[in-house]
Every structure is written in C-alpha cells, then in structure tokens.
Amino acid sequence: RMRTLTWLGIVSLCLGTAWAVPAKERRKVEKLKADLALYENLDLDNYDLTLDNYGDILDLSNYEELYDYGDLAPKIEVGTLAPRPKDPAALPNPGTVAETPKLQPPTTAGPVRPAPTPVQGEAASSPPGLPSCLLCLCIGTSVYCDDADLEHIPLLPPETTYLYARFNRIGAIRASDFTGLKKLKRIDLTSNFISWADADAFRLLPSLQELILPENRLTALPELPRSIVRLDARLNRIPSTGLRPEAFRDLKQLQFLHLSDNQLDYIPAPLPESLRSLHLQNNNIQTMHEDTFCDSRDHSQIRRALEDIRLDGNPINLSLFPNAYFCLPRLPTGRFF
C-alpha cells in the first residue's frame, strides 16, 4: 500500500509540472514540430524556378525601394553627341534628361517593328512614345540608335533633327522612312548592311545638310536634296553607273563629297562651285576631261574653294592632264609619273 501511494504521488507531480507549462510555449513547440515535418517531406531536387512561378516565390512589391538606381542613368558618349543648338531655348531640360525611364514589363511578343508609316500631313499629330524612343535614346530633337540591332529605320518623332543609327543591321532605306521630317539635318547610318535606297529616300528632306553612309553595301546613290552640304559614302560598292548623270551639278551648297573606296571609273563632273573637298581615292579612275575642274573656255577662272582633291590609289596618271588644273589653288593628290 505504501508503494502504491508513492507511485501515485510521482504521477501527480509529473502531471502538475506538465500543466504548469504556459499555453503559449506549448503552441511554439507544436509549430516547430509541424515545420520539421514539412521540411522532411519537401523535395527540392525536383523543383524548377521558372518565369511562371517566379512571382509566387519572390515578393517584388518593394524591389524598387531596396535599390537606388540614380547612378544608372544613361550615359552619353561625348564623341557621338550631335551639335548643340545655338538657341538656348532649344536645349533639353536637364531635369528631364537625367530622369531614368521606367522599364516596361517583359513580354513574349516578337521584336518591335516600325509602326505603320503615317499618311502625308499626319506626322505632326503622331502620339508621343514612338518606337524610336523605346528602342533608342531620345534627347531633345536628337535620336541615338547606335548598336541597337535594328533592321529597319524606326518611326521617328516629327521634330527629329539629328539621327544616329550606326552599327546596326539595316539593309534598305525606304522613301517612307523619313516622311514628314522637315527639320531633319543629319542622318548617320555608318556601318550597316544597306544595299539599296529608294530614289526619293532623301530628296524630299528640305533641311538635310549631312548624309553619312560609309561602310555599307550601296551600289547606287539616290537623288539628293539641294540643301545637302556633306555627303560621305566611303567604303561602299558604287560604280560610275550608280550615279545619276550630272548628279551634283545643282547642289549649290555641297562642300564635302567623299566617295573614296568605291568602284568609280571617272570623276563625277560637273562639280558645283561650292565644293571644298573631293575625296575619290582608291577607285578605278583612269582618265579625266580638261573641263572636269576648270572651264577650258575661261582661263581667268579661279576656284579658290576647291583646295582638297584626293585621287591617290587610282590608276590615273595626273601629269597627262596639265590643262585640267589651271583654276585650282592646289594640285590634286595622286600619281604624277
């Protein structure tokens, strides 16, 4: 009997101790056991993190609050900037330039293509946010599309003044690419795959002064506007038959004509009086006329502007045409023997 009473006392003591544990502590213990059981049954080897379940696993709602992207604003290479406008009012607002555009959510759609060409007269009413300013960098009236993997000229804002689309994969230039861009002054398409251009691709641009097309695959030049000052089509595949007859006669403002490293057979005369620099080196020019640079009927003529003529790298012997240079301030650079 004594032994029974002792056993009952021990049992009572243990039960009292168990009930003395607070309910809060008991819940913690039970939760810990449940978590352990969950991790024991979790198979991580067969779990794949994909774009479909990424948002379910990671909470990105405060992602922008954790990081400051102020230091990642687009940085412009000084050497590629267009000339600054003379009118201070035309300069872009520094506050708007430094603002980093918000990234668009990813999409499964194909690459962005140029929007349909606007009807003549509708360019001024085009909405903002055009494809060019999504694919490229727009600062004021300048559009920078260098090395953007473009295959076509994007639809440009109607106020565009300078376009830089170098180092892309553009293969052709259509007349509709520049429709309505009456303020466009400079087009730089260096190092693309351009093999042809519509005849009216540039002719209807009243303000175009500089057309830069070196390192392409052109075999013909389209008609140029009379406002052109500089044409650079070096390192193409242009033969003499790829130039319109008297293509440069009426370009009264043309000062720089650079057609070196092409397949020209003769000098594209007549040349306008405004011309200052003519680069035709590394072609296949073998002969010239006495009237190529000077008017043989007017021996008092002096062409003071045309000081830079490059004919080196051609098979022509310049000493065979002594009467062709009397009006020039300097002899052409080339072979004289």
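Above this text is the structure in question.
Please read these numbers as outputs of a predicted model, since none were measured by experiment. (Residues numbered from 1 in each chain as written. Predicted model: local features only at pLDDT ≥ 70, side-chain atom pairs only at ≥ 80, totals over all residues. Heavy atoms only, no water.)

A. Inspection of the pattern of salt bridges at higher detail. Within the structure shown, the criterion is met by 17 salt bridges. Linking Asp146 and Arg166 is a salt bridge whose minimum nitrogen-to-oxygen distance equals 2.6 Å. With Asp146 in the loop between β2 (142-144) and β3 (162-164) and Arg166 in the loop between β3 and β4 (172-173), this pair connects stretches of sequence that are 20 residues apart. Judged by its relative accessible area of 11%, Arg166 is buried. Here Glu246 makes a salt bridge to Arg249, at a shortest N to O gap of 2.8 Å. Overlapping salt bridges bring together Asp146, Arg166, Arg186, Asp188, Glu210, Arg230, Asp232 and Arg234 as one network. (Salt bridge = Lys/Arg side-chain N within 4 Å of Asp/Glu carboxyl O. Helix = DSSP H or I, 4+ residues; strand = E, 2+ residues; numbered from the N terminus. Buried < 20%, exposed > 50% of the residue type's maximum accessible area, 1.4 Å probe, protein only.)

B. Examining the state of the cysteines more closely. The tally for this structure, following the rule as stated, stands at three disulfides. Note that Cys133 is cross-linked by a disulfide to Cys138, the S-S spacing being 2.1 Å. As the torsion about the S-S bond is roughly -100 degrees, the Cys133-Cys138 disulfide counts as left-handed. Residue class for Cys133 comes out partly exposed when judged on its relative accessible area of 35%. Note on Cys138: relative accessible area 29%, which makes it partly exposed. (Disulfide = S-S within 2.5 Å.)

C. Layout of unusual backbone geometry. Geometrically, the link from Ala269 to Pro270 is a cis peptide bond, its omega value of 0 degrees lying close to zero. On the secondary structure map, Pro270 appears in the loop between β9 (256-258) and β10 (277-279). Even without glycine at this site, Ser191 takes up a positive phi of about 60 degrees. With respect to the helices and strands, Ser191 occurs in the loop between β5 (186-188) and β6 (196-197). You can call Ser191 buried: its relative accessible area is 15%. Residue Asp261 is not a glycine yet carries a positive backbone phi of 60 degrees.

D. Main features of the packing of aromatic side chains. Counted under the stated rule, the structure contains three aromatic pairs. Seen in terms of ring centroids, Tyr144 and Tyr164 are 5.2 Å apart; in terms of plane orientation they differ by 5 degrees. Their pairing is stacked. Of this pair, Tyr144 sits in strand β2 while Tyr164 is found in strand β3, placing the two residues 20 residues apart along the sequence. Note on Tyr164: relative accessible area 3%, which makes it buried. (Phe/Tyr/Trp six-rings, centres within 6.5 Å; stacked < 30°, edge-to-face > 60°.)

E. Inspection of the environment of Gly242 at higher detail. Its location among the elements puts Gly242 in the loop between β8 (230-232) and β9. Once you skip the residues sitting within four places of it in the chain, Gly242 turns out to touch Thr219, Ala220 and Leu221. (Contact = heavy atoms within 4.5 Å.)

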